[in-house]
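Structural overview
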Amino acid sequence: MSDTTASERETDGNGRSTLPAEFLERWRDVAYNCFSSGHKFCREVCPVMQVTRDERHTPTAFQANVVAMEKGHLTLEDVADDYVHCTMCGACELRCPNTLFTGDFYRFRQRTIDVVKAMRALAVQNGIHQRNWKRWAELTDRWGNEPVLGWTRETSGARVRAWAAGLDLPTGGETVLFADCEAAFKRPSVPRSVAQLLRACGIEFGLMEQQWCCGGPMWETGYVDIAHRMAEHNMLDWRRTGTRRIICPDPHDYITIVEHYPELDDGFDEFEIVLALDVIAEALRDGRLKLTVPIERTVTYHDPCRLNKRLGVWQAPREILRAVPGLTFVDVDHVTQWSYCSGAGSNLWVEKPEITAQISSRRIAKARELPGVDGLVSACPWSERPLSEQGAAQGMEVFDIFELVAEAAGFEV
Amino acid sequence: MLGFRLSAQTPPPARPVTDGVVSRFEHTYEVDPALMTEHVRQQQIPNWDFRRIVDSRWEHLHWMRDHFADQVIAASELLAELEAEG
Amino acid sequence: MAIALEGSVVDELIAICGPEGVFTGRSALFNRARVPAPFPAHRWEDHIPQAVVLPTSAEQVSEVVKLANRHGIPVVPRAGGTGLTDGAVPLNHGILVDVKLMNRIIEIDHGNRTVTVGPGINMLKLNEELRRHGYFYPDDPASYPCSLVGGRIGTSGWSLIGARYGHTRDLVVSFEIVLPTGEIIRVGDGGGRSTRKSSSGFQLKHLFIGHQGTLGIVTEATLELAPRPEAEFSAFFSFSDYMGAHRLTGDLSRSGVATLGGVVLFDEMKIAYLRRDDEAYIPQDESVRAVVACASYGNADEVRAGAKRLLRIARASDGSYMGDEISQGDWWSRHDRYATPQHGRTRDGQVALMSWHCEDAAIPYTELPAVREKWHAIASDLIQRFDMFDDWGMFAYTNGAHKAWGDYLTEIDIGIWESRWTDESWAAWVDAKREIGRVALEHGGSLTACHGSCRAGEVDLVPVELGGGFEVMKKIKRALDPNNIMNRGKYLLDQAYEEE
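For clarity, every value in this text was computed on a predicted model and none was experimentally measured.

To continue, consider the overall build of chain A. When its secondary structure is counted, chain A shows 21 helices and 7 strands. Expected size for 413 residues packed as a compact globule is a radius of gyration near 22 Å; at 21 Å, chain A falls within 12% of this value. Over its C-alpha atoms, taken along the principal directions, chain A stretches across nearly 70 × 50 × 45 Å. By the burial criterion, 60% of the 413 residues in chain A qualify as buried. By sequence separation, contacts in chain A at least 24 residues apart represent 75% of the contacts at least 6 residues apart.

For chain C, the count of helices and strands is 17 helices and 18 strands. The C-alpha atoms of chain C give 23 Å as radius of gyration, which agrees with the globular expectation for 500 residues (23 Å, within 12%). Taking the principal axes of the C-alpha coordinates as reference, chain C spans close to 70 × 60 × 40 Å. In chain C, which comprises 500 residues, the share counted as buried stands at 58%. Long-range pairs, those at least 24 residues apart, make up 72% of the contacts in chain C between residues at least 6 apart in sequence.

Attention now goes to the domain arrangement of chain C. Splitting chain C by domain gives domain 1 (7–98), domain 2 (105–227), domain 3 (229–337), domain 4 (340–458) and domain 5 (467–498). Taking only C-alpha atoms into account, the centre of domain 3 of chain C sits 42 Å from that of domain 5 of chain C.

In this section: the domain arrangement of chain A. Residue and element names in this part refer to chain A. Its domain assignment divides chain A into domain 1 (21–125) and domain 2 (131–282). Relative placement of domain 1 and domain 2: their C-alpha centres are 29 Å apart. In this complex, domain 1 contributes 6 residues to the contact, which on the side of domain 2 involves 6 residues.

Looking now at the sheet that holds strand S3 (residues 30–31) of chain B. Residues and elements named next belong to chain B. Spatially, S1-S2-S3 is the arrangement adopted by the 3 strands of the open sheet, whose pairing is antiparallel. Of all strands in the sheet, those with a lone pairing partner are strand S1 (15–18) and S3, marking the two edges. Relative to strand S2 (residues 21–23), S1 runs antiparallel, the two sharing 3 bridges. Across the sheet, residue Pro16 finds its bridge partner in S2, namely Val22.

Residue and element names in this part refer to chain A. Under the 1.5 Å per step criterion, the end-to-end length of helix H13 (residues 224–240) is 24 Å for 17 residues, consistent within 8% with the ideal 24 Å. Along H13, the positions that sit buried rather than exposed are Val224, Ile226, Ala227, Met230, Ala231, Asn234, Met235 and Trp238. Along H13, the residues classed as buried sweep out an arc of 165° about the axis, all on the same side. Those residues of H13 that are buried are in contact with helix H8 (112–125), helix H9 (131–143), strand S1 (175–177), helix H12 (216–221), strand S2 (245–248) and helix H14 (251–260). Backbone geometry just downstream of H13 places Gly242 in the positive-phi region, at approximately 70°.

Residue and element names in this part refer to chain C. Among the structural elements, Val292 can be located in strand S14 (residues 290–298). Each C-alpha atom, one on Val292 and one on Tyr321, is 9.6 Å from the other, the two residues being 29 residues apart in sequence. Apart from the residues within four sequence positions on either side, Val292 is in contact with Phe237, Phe239, Ala245, Leu248, Thr249, Val263, Leu265 and Gly319.

A few words on the interface of chain C and chain B. In this complex, chain C contributes 31 residues to the contact, which on the side of chain B involves 27 residues. Ranked by residues supplied to the side of chain C that touches chain B, first place goes to helix H11 (residues 300–315) of chain C with 8 residues. Here the residues of the side of chain C that touches chain B are counted per class, giving 15 nonpolar, 8 polar and 8 charged. The pairing of strand S4 (residues 71–73) of chain B with strand S12 (residues 231–239) of chain C spans 3 bridges and is classified as parallel. The partner of Ile73 of chain B across the bridge, within S12 of chain C, is Phe233 of chain C.

The next thing to look at is the pairing of strand S17 (residues 389–398) of chain C. Residues and elements named next belong to chain C. Of all 10 residues making up S17, 10 are buried, and the element is well covered by its neighbours. Both strand S13 (residues 260–266) and S17 contribute to a ladder of 3 bridges, which runs antiparallel. Bridge assignment links Phe266 to a residue of S17, and that residue is Phe395. Here S17 runs beside strand S18 (residues 407–416); their pairing, made up of 8 bridges, is antiparallel. By the bridge assignment for S18, Met394 is matched with Ile412.

Our next topic: unusual backbone geometry. Residues apart from glycine generally show negative phi values, whereas peptide bonds are mostly found in trans. A positive phi angle, close to 55°, is found at Met88 of chain A, a residue other than glycine. With respect to the helices and strands, the residue Met88 of chain A is situated in the loop between helix H4 (76–79) and helix H5 (91–95).

This part takes up helix H19 (residues 353–368) of chain A. Residues and elements named next belong to chain A. The first and last C-alpha atoms of H19 sit 22 Å apart over 16 residues, in line with the 22 Å expected at 1.5 Å per residue. Among the residues of H19, Ile355, Thr356, Ile359, Ser360, Arg363, Ile364 and Ala367 are the ones counted as buried. Residues of H19 that are buried sit in contact with helix H2 (47–52), strand S4 (298–301), helix H18 (348–351), strand S6 (375–378) and helix H20 (381–394).

A separate point is the interface of chain A and chain C. On the side of chain C, 38 residues touch chain A, which itself brings 34 residues to the contact. Top element by residues in the side of chain A that touches chain C is helix H3 (residues 59–70) of chain A. It accounts for 5 residues. Within the side of chain A that touches chain C, the residues separate by chemical class into 14 nonpolar, 9 polar and 11 charged.

With that out of the way, let us pick up the packing of helix H1 (residues 21–35) of chain A against H8 of chain A. Residues and elements named next belong to chain A. H8 packs onto H1 with a crossing angle of 145° between their chain directions and a minimal axis gap of 11 Å. As H1 runs across H8, the sense of the crossing is left-handed. Here Phe23, Trp27, Val30 and Ala31 of H1 lie close against H8, whose contacting residues are Val115, Ala118 and Leu122.

Attention shifts here to the pairing of S18 of chain C. All names here are of chain C. Most of S18 is tucked away: 10 of the 10 residues are buried. Strand direction decides the pairing type here: strand S16 (residues 355–364) and S18, joined by 10 bridges, are antiparallel. Residue pairing for S18: Cys358 is matched across the bridge by Asp413.

With that settled, consider the packing of helix H11 (residues 189–200) of chain A against helix H21 (residues 401–408) of chain A. Residues and elements named next belong to chain A. Between H11 and H21, the shortest axis-to-axis distance is 8 Å and the interhelical angle comes to 45°. Of the possible angle classes, the one that applies to H11 and H21 is oblique. When the axes of H11 and H21 are compared, the crossing they make is left-handed. Residues Ser189, Val190, Ser193, Val194, Gln196 and Leu197 of H11 pack against Phe402, Glu403, Val405 and Ala406 of H21. Residues that form the contact of H11 with H21 fall into these classes: 6 nonpolar, 3 polar and 1 charged.

Before going further, it helps to spend a moment on the nonpolar core. Ranked by size, the top nonpolar core spans 307 residues in total, and within it Leu177, Ile280 and Val405 of chain A together with Val53, Val64, Val97 and Val292 of chain C carry the most contacts. In terms of residue count, H8 of chain A provides more of this core than any other element does, 9 residues in total. Excluding anything up to four places from it in sequence, Leu177 of chain A contacts Pro191, Val194, Ala195, Leu198, Phe205, Leu207 and Ile247 of chain A.

Before going further, it helps to examine the sheet that holds strand S5 (residues 105–109) of chain C. Residue and element names in this part refer to chain C. Spatial ordering of the open sheet is given by S5-S6-S10-S8-S9, a layout of 5 strands whose pairing is antiparallel. Whereas interior strands pair on both sides, the edge strands pair on one side only; in this sheet they are S5 and strand S9 (184–188). Neighbour to neighbour, the strand axes of the sheet diverge by 15° on average, direction disregarded. As paired strands, S5 and strand S6 (residues 114–117) are joined by 4 bridges and run antiparallel to one another. Note that in S6 the partner of Glu107 across the bridge is Thr116. Across the face of the sheet, helix H3 (residues 58–71) comes into contact with strand S8 (172–178), S9 and strand S10 (217–224) while running at roughly 45° to S8.

The next subject is the environment of Thr112 of chain A. Residue and element names in this part refer to chain A. Residue position: Thr112 is located in helix H8. Judged by local crowding, Thr112 falls into the buried class, with 27 C-beta atoms found within 10 Å. In this view, Thr112 contacts Pro59, Phe62, Gln63, Cys92 and Glu93; residues no more than four positions away in its chain are not counted.

Time to look at the confidence of the model for chain A. With 98% of its residues at a pLDDT of at least 70, chain A reaches an overall mean of 96. Under a pLDDT of 50 for its full length, residues 1–7 of chain A has, in the predicted model, 9 contacts with residues more than four places off or in other chains.

Conventions adopted
Residues numbered from 1 in each chain as written. Chains lettered and ligands numbered in written order. Predicted model: local features only at pLDDT ≥ 70, side-chain atom pairs only at ≥ 80, totals over all residues. Helix = DSSP H or I, 4+ residues; strand = E, 2+ residues; numbered from the N terminus. Rg over C-alpha atoms; globule rule 2.2 N^0.38 Å. Buried ≥ 20, exposed ≤ 12 C-beta atoms within 10 Å, placed from the backbone. Contact = placed C-beta atoms within 7 Å. Domains from an automatic or database assignment. Pairing = 2+ DSSP bridges. Expected span 1.5 Å × (residues − 1). Arc of directions from axis to C-beta. Nonpolar A, V, L, I, M, F, W, Y, C, P; charged D, E, K, R; others polar. Axes fitted to C-alpha atoms, helices over the stretch in contact; angles between N-to-C directions. Left-handed = near helix turned anticlockwise from the far one by under 90°. Parallel < 35°, antiparallel > 145°, perpendicular 65-115°, else oblique. Core = buried A, V, L, I, M, F, W, Y, C linked by C-beta atoms within 7 Å. pLDDT = per-residue confidence, 0-100.

Quick look at the structure:
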């Protein structure tokens, strides 16, 4: 745990936490970029705001707080709980005109996710914890993977390959399949599907010697030291087994690695990080992978936030779904889906499960409005947990895109 | 975007376009970095993110058009008709 | 810092709105003090409420207002908080009534073409739902993606396509409002919820639109449903001089084309501003000094026929068609390009993060050239004195409802580097605002076409603009709000009580 003692943190006269100079140096301009414009175009695309409608939870508030704290109006204690209300879906910073219209021109875009991460990290540093996130972080640190099976069922590095039983996958090699936490323990059908599909594409790959969590949720909830340990372990593991190419079925893993790992390691350029989605789409395009088993269903697609909003990846999954024989694919365009979310991101569901449930319930209701649709396909194992729960309540089956494709390719899922 | 490589994320050198504007990629413009040295500094934006912003802008604009009406009647087409009508 | 409300008052609020609907924490208060207008952040504490409530029904709003009357506590209504004249900014602390949770679509009346909604709904979100039925609620401000219906009514909003469809006041058929004393009434044209025209009694609908929260809190609104447009047309024309562009603006506006949604005239300073980043303007020839834009909506055959007429008029002018890409792309970006902090430039050309301030007078067509010169001179003087202001140019936009001719929403946009505020520069700024307003009045216009005129520097001119009308305003205020509860301090209406 990266607590500091009270004497090390910056406080006001009443012993309440203030923003250190280096925090302000780093984030002041970003905060003012929002504060000075105040468009609030973020509000109605924000999945949390669509539920709570509470201005404390607007992306604008997350930036304005920085300004207010610099002026001594608010302390970290005043706002720490507000900053829990974010899935880090990225809708706010993408829809912001300061990103969408001028972010490229000025090479200065709105960064709300980074500010939320920094504020959460500062809270942890100052000993202001969210109860469940703290437990979650402690167990992740102890077990190597997040406690996605509940507080008592160990998700250790020793068990992380259990999903691959019977597939006879080697360890290491040039390419590895990166499967951790939620996918490895909670929805093993996802990595199993991906593994079988990669084989069918003729790709040689192995598994890590000991897979740890990518570290993403630790960065997201403020436990930065643990995140660094996870990342450094994983990079060491890759190097030990001669790995150069990492295939990620989970977009959370991918974005964590490309956004956070390079700053920790000067030699990061030796690695290539690939989305499994792109590999499968390419193999379908060039004919290496053939889908022959018809799936006679009518489904729509849920754009996972990290793919659609944060990476701009929305074409490949649609291309894949259109290649599945027998499938009727009712599409909702990806820009409309900027305001959709499952509510799972950045472990909101661990700390505020009632908000996640409402977000995912709304998402399922949107799918239900579409004529004939009784299946929702996602491409992110984290989203599939709350969506499946709400889907069960509303009569909507939830699949992972790799499960569906594996079935169409004739594999047992 | 098939495969992230760190070394592929550095932007190419800029060429001047007008006073205060440069360009690094086709059809995109950027402020002359010299104008962002005193009061506000530029961020490190990797190439994939730059591309994401540019593409998202156009996707958003087409979405906004579609949000308001089913079709667009282009002035160029009508001007050509007027030209033909004399 | 505001004195905390008595615990018993907070308990009463909780009894009305439930514990989940009442907030007194500091971040809840500080994050409801601002709107996107220049804000004296150094005096932030002067503008925070003492408590925030998020009601879910008109009855709750009514009970909160009655409670406020019993205790003499001011009430500030807040919807999106995106207005530009501080309507939703508390001037005397009090209880802030935030209506964002009241955002349901209550009823779509297909037969009579209305939709009834809560005041906390946003137009873009509403239209996403209406589209499934082939309908469209055509209230399209620049803040279209974030402003809320309640605020549109409270500020008497203006729509970018108002010349075709009308503005907020024309698009709201009737609404329910909680009066300053807590009674819930419905106002419209006469009695029926969906009656569009009546001669029965006073026309109270207009009285309760645009009062900036001083006369009540809207809790439900019945809105027009237009057919979703089949087609859109937009065209931009460039000019080498302002007067040629001014002539075409007038000619297009007077064309009588029924599908015409609006005509816009951009001046030289605005083009220079657009050249800073807009990919459509950067490569434009230096000779482009003014631009005229127009847009139409409606049935495809009608838009097409009307657009041909507009283009015939434009061909006869000195302007050049700027091509489909800019004509369409810049129209589609109409909500997004208006307030960009990074466009701020200091005198030496460096980028500085500036807030967007926009003066939005209504100016008669014939007066536009003269007003333009005077306004730029005022801005120029300000910039010379303080290296924290930047002239972002002007545009004039057709202001009529269901017709394009007549007067124009005329804006001068000024960038302000707000972290540089001093008492001196703030005072100079307020003086400049007042001068800008005075010029508008001297030329037969109004202080504001859409934002309202509550802020320092403009509000002092409201009695000048309205004359005897302002005396009537004060009488109405005192009659409806005997304890001066609703948005106390706004619009100089405290004067209504001083004279007692």
